[in-house]
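Structural overview
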Amino acid sequence: MTVKLTVENVVQAKQEVENLEAQGYLRDNIYIFAHYEEREDDINDALGTEEAGIGEQGFLTSMKNLVNSRGDELRNELASVGLSETEAAQFEKELDTGKLVIVANK
């Protein structure tokens, strides 16, 4: 089962991650996305959650993301963790407004 959430800030993200863990989700299967890559890295490091990497995206998509725009990269990463293309596009728009997107898989 895939859970998709948006939150306003890191405090809310931490609360949601704890709620997801209480529901049986593992931090290894919880992904937090932010529009700015550095912010995303910092949040995932601080909360012990995962980043969508080669394991989720595959080698070719990961290599393509090196030259893609950040929006294309985010949509690819969101799709790689279980969102449809339509959902990925919708959540990428949420990221553009400064929100964080949390995706958890069981």
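Look above for the structure.
Here's what I pulled together on the structure shown here. (Residues numbered from 1 in each chain as written. Predicted model: local features only at pLDDT ≥ 70, side-chain atom pairs only at ≥ 80, totals over all residues. Heavy atoms only, no water.)

1. Topic: the packing of aromatic side chains
Per the stated rule, a full pass over the model turns up zero aromatic pairs. One residue, Lys-106, lies across the ring of Tyr-25, its end atom 4.8 Å from the ring centre. (Phe/Tyr/Trp six-rings, centres within 6.5 Å; stacked < 30°, edge-to-face > 60°. Lys NZ or Arg CZ within 6 Å of the ring centre and 35° of its normal.)

2. Some details on the side chain of Thr-49
Here Thr-49 lies in the loop between α2 (37-47) and α3 (54-57). We classify Thr-49 as buried; its relative accessible area is 8%. At 2.5 Å, the side chain of Thr-49 forms a polar contact with the side chain of Asn-44. Apart from residues lying up to four places away in sequence, Thr-49 is in contact with Val-17, Arg-27, Ile-30, Ile-32, Ile-43 and Asn-44. (Helix = DSSP H or I, 4+ residues; strand = E, 2+ residues; numbered from the N terminus. Buried < 20%, exposed > 50% of the residue type's maximum accessible area, 1.4 Å probe, protein only. Polar contact = N/O pair within 3.5 Å; in protein donor to acceptor, adjacent residues only side chain to side chain. Contact = heavy atoms within 4.5 Å.)

3. A word on the nonpolar core
Residues Ala-13, Leu-20, Ile-30, Ile-32, Leu-100 and Ile-102 are the most contacted members of the largest nonpolar core, which totals 14 residues. In this structure Ala-13 touches Val-7, Ile-32, Leu-47, Leu-100 and Ile-102, once residues within four positions along its chain are discounted. The next biggest cluster of nonpolar side chains, apart from the first, holds eleven residues, and it includes Phe-33, Ala-88, Phe-91 and Leu-95. (Core = buried A, V, L, I, M, F, W, Y, C linked by side-chain atoms within 4.5 Å.)

4. Quick notes on the environment of Thr-2
Tracing the backbone shows Thr-2 in strand β1 (residues 2-7). Residue class for Thr-2 comes out partly exposed when judged on its relative accessible area of 30%. Sequence separation of Thr-2 and Val-81 is 79 residues, and the distance between their C-alpha atoms is 8.8 Å. Sequence-distant contacts of Thr-2, that is, excluding residues within four places in its chain, are made with Val-81, Val-103, Ala-104 and Asn-105. Only 2.7 Å separates the side chain of Thr-2 from the side chain of Asn-105, close enough to count as a polar contact.

5. Details of the pattern of salt bridges
This structure, assessed with the given rule, holds nine salt bridges. Of the charged contacts in the structure, one is a salt bridge between Lys-4 and Glu-87, with a shortest N-O distance of 2.7 Å. Of the two residues, Lys-4 sits in strand β1 while Glu-87 sits in helix α6 (residues 85-96), which places them 83 residues apart along the sequence. What emerges from the salt-bridge pattern is a single network uniting Glu-8, Glu-94 and Lys-99. (Salt bridge = Lys/Arg side-chain N within 4 Å of Asp/Glu carboxyl O.)

6. Digging into the environment of Lys-93
Examined against the element boundaries, Lys-93 turns out to sit in helix α6. Remark: the alpha-carbon pair of Lys-93 and Arg-75, spanning 18 residues in sequence, is separated by 9.7 Å.

7. What about helix α1 (residues 10-22)?
Here α1 is 13 residues long and its end C-alpha atoms lie 18 Å apart, about the 18 Å a rise of 1.5 Å per residue gives. The set of residues buried in α1 consists of Ala-13, Val-17 and Leu-20. In an axial view of α1, the angular spread of the buried residues amounts to 65°, which keeps them on one side of the axis. Relative to its buried face, α1 has exposed residues pointing more than 90 degrees away, namely Val-11 and Ala-22. Packing partners of the buried residues in α1 comprise β1, β2 (30-33), α2 and β3 (100-105). At the N-terminal boundary of α1, the capping side chain belongs to Asn-9, with an oxygen 3.1 Å from the backbone nitrogen of Val-11. Trailing α1 by a residue or two, Gly-24 shows a phi angle of about 100°, which is positive. (Expected span 1.5 Å × (residues − 1). Arc of directions from axis to C-beta.)

None of the figures reported here should be taken as evidence of function without further support.
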